[in-house]
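Notes for the structure review
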Amino acid sequence: MKSAVETLNPTRVRLTVEVPFEELKDSLDAAYKKINQQVTVKGFRKGKIPARVIDQRFGRGAVLEEAVNDALPKFYTDAVNEAELNPLGQPEVDITELKDGETLNFTAEVDIRPAIEIPDYSGIEVEVDAVEVSDEDVEKSVEQLRERFASTSPVERAAADGDVITIDLQAKVDGEVLEDGVADGVSYTIGSGELLDGIDEAVKGLEAGGEATFTSELKGGSAAGKEAEVTVKVTQVAARELPELDDDFAQLASEFDTLEELRADSRKRLANMKQYDQATQAQERVLDKLLDLVEVPVPEKLLEDEINTRKHNLEHHQLGQMGLDLEKYLELQGKTAEEFETETREAAVKGIKTQFVLDELVKQEKLNVSQEELTEHLMRRAASSGMSPDQFAQAVVEQGQVPLLVGEVARGKALASVVEKATVKDTNGEIVDLDDEEDEETEAPEAAAESTDAEKADDKAEEKTEG
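Model, not experiment: these values are computed from the prediction. (Residues numbered from 1 in each chain as written. Predicted model: local features only at pLDDT ≥ 70, side-chain atom pairs only at ≥ 80, totals over all residues. Heavy atoms only, no water.)

1. Some details on the overall build of the protein chain
- A tally of helices and strands in the protein chain yields 15 helices and eleven strands.
- Scaling as 2.2 N^0.38, a compact globule of 467 residues should have a C-alpha radius of gyration of about 23 Å, whereas the protein chain reaches 32 Å, well beyond that.
- Each principal axis of the C-alpha atoms in the protein chain carries an extent, and together these give about 100 × 65 × 40 Å.
- A buried classification covers 38% of the 467 residues belonging to the protein chain.
- Once local pairs closer than 6 in sequence are excluded, the contacts in the protein chain between residues at least 24 apart make up 70%. (Helix = DSSP H or I, 4+ residues; strand = E, 2+ residues; numbered from the N terminus. Rg over C-alpha atoms; globule rule 2.2 N^0.38 Å. Buried < 20%, exposed > 50% of the residue type's maximum accessible area, 1.4 Å probe, protein only. Contact = heavy atoms within 4.5 Å.)

2. Here we look at unusual backbone geometry
- Positive phi is not limited to glycine here, since Glu84 has a value of about 55 degrees.
- Positive phi, normally seen in glycine, also occurs at Lys366, with a value near 55 degrees.
- Within the fold, Lys366 resides in the loop between helix 10 (337-365) and helix 11 (371-385).
- Owing to a relative accessible area of 67%, Lys366 belongs among the exposed residues under this scheme.

3. Overview of the UniProt feature "domain: PPIase FKBP-type" (unreviewed entry) in the protein chain
- Under the feature "domain: PPIase FKBP-type" (unreviewed entry), the UniProt entry names residues 162-215.
- For residues 162-215, helix accounts for 9% and strand for 54%, while the C-alpha atoms at its two ends are 22 Å apart. (UniProt positions renumbered as here; feature names shortened; annotations may be inferred.)

4. Some remarks on the sheet that holds strand 1 (residues 2-9)
- An order of 1-2-4-3 is seen for the four strands of this open sheet, with the pairing classed as antiparallel. At either margin of the open sheet sits one strand with a lone partner, and together these are strand 1 and strand 3 (87-99). Sheet twist, expressed as the mean angle between neighbouring strand axes with direction ignored, is 20 degrees.
- Here nine bridges tie strand 3 to strand 4 (residues 103-112), and the two strands are oriented antiparallel to one another. Considered in strand 4, the bridge of Asp94 is made with Thr107. (Pairing = 2+ DSSP bridges. Axes fitted to C-alpha atoms, helices over the stretch in contact; angles between N-to-C directions.)

5. Some details on helix 10
- Relative to the 42 Å expected for 29 residues at 1.5 Å per residue, helix 10 spans 42 Å between its end C-alpha atoms, a close match to the ideal helical length.
- Looking one or two residues beyond helix 10, the residue adopting positive phi is Lys366, at roughly 55 degrees. (Expected span 1.5 Å × (residues − 1).)

6. A word on the confidence of the model for the protein chain
- Scored by pLDDT, the protein chain comes out at a mean of 89, with 93% of its residues at no less than 70.
- Predicted confidence in the protein chain is weakest over helix 14 (residues 446-449), with a mean pLDDT of 49, and strongest over strand 5 (residues 125-128), with 97.
- Scored below 50 in pLDDT, residues 438-442 makes eight contacts in the model with residues more than four places away or belonging to other chains. (pLDDT = per-residue confidence, 0-100.)

Structural data, given as structure tokens:
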């Protein structure tokens with residue numbers, strides 16, 4: 001077999017392959033054997049039909065087609081390996097010449113990972129928010145805890161802000177009561193904004209037994225997004241009573257004996273949260289600076305696949321769970337369809353570039369992923385998916401996604417190595433030592449950690465190629 005590579009652009013090549021006919025012998029034998037098992041010829045036992053009879057009855061062309069389809073994946077793979085290419089996805093194969101007994105010639109166009117040169121990145125400098133916890137932050141945190149321990153007691157007066165009311169609801173669209181538009185005994189805190197727009201104004205001033213009707217756009221259900229006439233009846237008004245902020249409250253709401261100890265713990269927790277946010281901010285900003293340093297061509301087809309995947313996930317998974325369509329989502333976000341398209345494309349480009357650059361760093365730095373690191377990452381992914389670690393691990397194995405998870409961990413380590421060499425200062429001009437973080441493993445941002453279609457395309461390139 002002879003092969004040659006023509007570079008069409010930095011991310012696409014054309015392979016020209018010439019195969020001597022004798023190298024098709026094994027595939028021809030397999031083709032005759034396969035056809036033998038599929039057909040019946042009078043006078044011959046099944047599976048024992050001579051090749052010449054198959055040629056006469058069914059045509060030599062059918063045998064050649066079967067043999068070529070069987071052989072093409074191997075010859076293509078051999079040509080790719082010989083040229084040391086990193087293909088993305090399936091190739092476009094064109095058989096340019098097939099002479100029985102002489103030769104098989106074909107071309108294969110395929111997207112490839114571009115060659116990337118990563119310059120010295122040790123001079124990267126970024127600024128992040130300073131970790132500052134104010135007294136107001138602490139009091140807000142304690143107040144939120146206090147709200148969780150609030151009690152309620154029925155009152156005989158008109159409902160007001162902050163009251164917890166029990167209500168019955170009925171929604172009509174075009175004068176018809178919706179099948180899923182009736183709910184009784186719903187508990188609602190006035191001012192929380194957790195139900196329908198306009199409900200607060202409708203119920204304020206009503207006593208138990210009072211009723212009001214208002215118009216609102218439904219957020220979910222069978223008529224999500226439609227204007228409905230909603231009737232609300234108040235069956236009970238209850239006042240919320242907050243516990244006193246004292247040592248007794250600290251003992252009730254925490255493991256601490258005094259309110260001051262509770263406040264000190266709240267301050268520490270807030271600081272830890274802001275340190276985590278600071279570390280994440282540092283990673284994202286260092287990554288942006290790194291991408292600015294590297295020229296990364298993006299395969300157009302891969303980009304379109306990534307854009308379509310992001311749109312599909314948004315429309316059919318995220319928005320579907322919220323009872324929204326894309327048009328309504330864009331309206332709520334205050335975005336036009338053109339702005340959405342632009343943002344999606346930019347995010348897809350960044351995701352692909354990030355993966356290419358970090359994968360190149362993994363290779364250059366010879367970074368490996370230990371079983372312990374993979375297990376820790378798997379458990380985090382399981383927690384975010386709402387599955388148990390065992391269920392998530394089983395799904396990963398069954399779907400053949402272990403290499404994808406390994407890639408995510410490796411890219412996280414690659415980004416961590418870049419962050420380690422960068423100079424990170426906070427808005428006060430102080431050097432930030434990210435090694436002080438309690439979470440020792442640095443995770444790459446979402447754009448880097450999650451596998452894009454680039455990695456999925458790598459996997460597809462390893463599958464059997466259809467001629």
